[in-house]
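Single-letter residue listing:
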Amino acid sequence: MEQSLSTTIIEANTQHEQIESTSQPFIEANTIDASVNEIRENHIIPVFVKDNETLISHSDFIETTMETVEEVFAGEKILLPSVRLSHPVKGRIPEAKGKPVHQLEEWEKTIYYERMAFIIEIPGISDKVNGNDLTLTIGGVKSYSLDNLYNKKGADEHFKVFVGFKNRVCTNLCVWTDGALLDLKVKNIGQLKGSIKTMLLQYNLSYHIHHLKELGEYAITEQQFAQIVGRCRMYPLLPTAVKNEIPQLLFNDTQMNTIVRDYYKDNSFCKDTNGNLNLWRLYNLFTGANKSTYIDQFLERGVNAFSFIYSLKSALQAKDYHWYLG
C-alpha cells in the first residue's frame, strides 16, 4: 500500500532525535506555538470557492519541506519543526450554529490559522561567527491572504521558503537573498517540493558564513550609530526619488526603538565600553527586533536586515559615502 506523506515524515523522524528546532520563539508578534500533528488533526483546510478543492495545507507544506530536507541532507540529524501560527479563523459546525459560545463543545468548533511560519534545524551543520554558534536552518512562511480563494484548483498558491542560519544565543535567524524565495508560486505539492529542493541545492552555506564573519571586522562609533538611527527614522518620509537612490529599509519606528534599547541593554549584542558596536552585533540587534514582525513580513525584513547591514560594511570597507552614515 502506498504511504501517505504524513506517514512517511513521521517514520523518517523516528530516525532522528525527537527535539524541536527551538524551545524559544523565533518570531513573537501575535503568534502561538503549535505542532505539526495538531495542525494536521485539528485544523480545517481552506478551499477554492469555485470547486471546493483544498489548498495546500500548512501541515502539507511543513511535511513537504521536511521530506525534502531529509533527502538533501541525508544522514544528518534533523530536529522536528518549530511552528508558529497567527490570525485564527474560527467557526463551528452547522448543528451548533445557535448555541451560545460558552456551551460549545470542542468537537463543535472549527479553526484554521491564516498565517504560519516554521523552521527546521540541522544541528550537525554549524559554524561560529564572532563567538556565536550558528546552525543551519531551513524554514517557510505561508499566508492564505496572498491566495485567491475565490478561484479554482490549479490557481497559483503563494509560499516563502528560506535556508540560512539560526544564532543559538538568541534564536535570531540569519537569512539573505541567495537563500530565500520570497514569492514562490506553485500549483501543487510536486512543484513546491521541486522549488525547495532547487533552493537547497543552490545555496552556498560557506559563502553565506563568509559574509556573516565579515561583519565582525567592521565597527561603528556611538555617533555613527546615532546617525544611522536618525536617518532610519527619516527614511519612511523621504520622497520616492530619494528612496530609490539609497538602501531600502523595512524596519519601523517601534523596531528602531527596540534596536536603540538593546544597543544599551542587550546582554549579548550591546555596545562596548567605548560605545562602539561591530556590525555583527548591529545585525543581531536588527534580527532581534524583527521578531516583533507579523508573519507575512517576517522573512522580507530578515533579508532586508542583512542587505542593509552589509551595505554599511561595504561603505566602511571602501571608505565611501553612505546616506545612513552621513
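Preceding block: the structure.
Here goes a summary of the coordinates provided.

Cut-offs and rules
- Residues numbered from 1 in each chain as written.
- Predicted model: local features only at pLDDT ≥ 70, side-chain atom pairs only at ≥ 80, totals over all residues.
- Heavy atoms only, no water.
- Helix = DSSP H or I, 4+ residues; strand = E, 2+ residues; numbered from the N terminus.
- Rg over C-alpha atoms; globule rule 2.2 N^0.38 Å.
- Buried < 20%, exposed > 50% of the residue type's maximum accessible area, 1.4 Å probe, protein only.
- Contact = heavy atoms within 4.5 Å.
- Areas by Shrake-Rupley, 256 points an atom, 1.4 Å probe, with all protein chains shown as cover.
- Lys, Arg positive; Asp, Glu negative; His and termini not counted.
- Charge placed at Lys NZ, Arg CZ, Asp CG, Glu CD.
- Salt bridge = Lys/Arg side-chain N within 4 Å of Asp/Glu carboxyl O.
- Axes fitted to C-alpha atoms, helices over the stretch in contact; angles between N-to-C directions.
- Parallel < 35°, antiparallel > 145°, perpendicular 65-115°, else oblique.
- Left-handed = near helix turned anticlockwise from the far one by under 90°.
- Nonpolar A, V, L, I, M, F, W, Y, C, P; charged D, E, K, R; others polar.

Points about the overall build of the chain
And step 1. Counting its secondary structure elements, the chain contains 10 helices and 9 strands.
And step 2. Whereas a compact globule of 326 residues would reach a radius of gyration of roughly 20 Å, the chain reaches 21 Å, a difference of no more than 12%.
And step 3. Projected onto its principal axes, the C-alpha coordinates of the chain cover approximately 65 × 45 × 35 Å.
And step 4. Each of the 326 residues in the chain was classed as buried or not, and the buried ones make up 50%.
And step 5. Sequence-distant contacts, at least 24 apart, represent 74% of the contacts inside the chain between residues at least 6 apart.
And step 6. For the chain, the accessible surface area stands at approximately 15,500 Å², while carbon and sulfur atoms represent 49% of it.
And step 7. Side chains of the chain give 33 positive and 40 negative charges; the mean places of these two sets differ by 5 Å.

Topic: unusual backbone geometry
And step 1. Its identity is not glycine, yet His87 carries a phi of approximately 60°, on the positive side.
And step 2. Counting through the fold element by element, His87 comes out in strand S2 (residues 82-92).
And step 3. Despite not being glycine, Asn130 has its phi angle at roughly 50°, a positive value.
And step 4. Mapping Asn130 onto the fold places it in the loop between strand S3 (109-129) and strand S4 (132-143).

As for the pattern of salt bridges
And step 1. Using the criterion set out here, one finds 19 salt bridges in the structure.
And step 2. A salt bridge links Glu71 to Lys193; its shortest N-O distance comes to 2.7 Å. Taken as a pair, Glu71 in helix H3 (residues 58-72) and Lys193 in helix H4 (residues 189-202) lie far apart in primary sequence, 122 residues in all.
And step 3. You can call Lys193 partly exposed: its relative accessible area is 21%.
And step 4. Linking Glu114 and Arg115 is a salt bridge whose minimum nitrogen-to-oxygen distance equals 3.0 Å.
And step 5. In this structure Arg115 comes out as buried when scored by relative accessible area, which is 12%.
And step 6. Here the residues in one salt-bridge network are Glu67, Glu71, Lys193 and Lys197, joined through shared partners.

Considering the environment of Leu146
And step 1. Within the secondary structure layout, Leu146 lies in the loop between S4 and strand S5 (157-167).
And step 2. When its relative accessible area of 43% is taken as the criterion, Leu146 is described as partly exposed.
And step 3. For the pair Leu146 and Leu215, spaced 69 residues apart in the sequence, the C-alpha separation amounts to 35 Å.
And step 4. Once you skip the residues sitting within four places of it in the chain, Leu146 turns out to touch His158 and Lys160.

Things to note about the side chain of Arg231
And step 1. Looking at the element boundaries, Arg231 is found in helix H6 (residues 222-234).
And step 2. Despite its burial, Arg231 remains without a salt bridge, the nearest opposite charge being carried by Asp253 at 13 Å.
And step 3. In this structure, Arg231 is in contact with Tyr321, Trp323, Tyr324 and Gly326, ignoring residues within four places of it in sequence.

Points about the packing of helix H8 (residues 253-265) against helix H9 (residues 279-289)
And step 1. As a packed pair, H8 and H9 sit with axes 9 Å apart at the nearest point and diverge in direction by 135°. On the basis of their axis angle, the class for H8 and H9 is oblique. The two elements H8 and H9 cross, and the hand of that crossing is right-handed. Seen from H8, the contacting residues are Gln255, Met256, Thr258, Ile259, Asp262 and Tyr263; seen from H9, they are Leu285, Phe286 and Ala289.
And step 2. Of the residues that constitute the contact of H8 with H9, the class distribution is 6 nonpolar, 2 polar and 1 charged.

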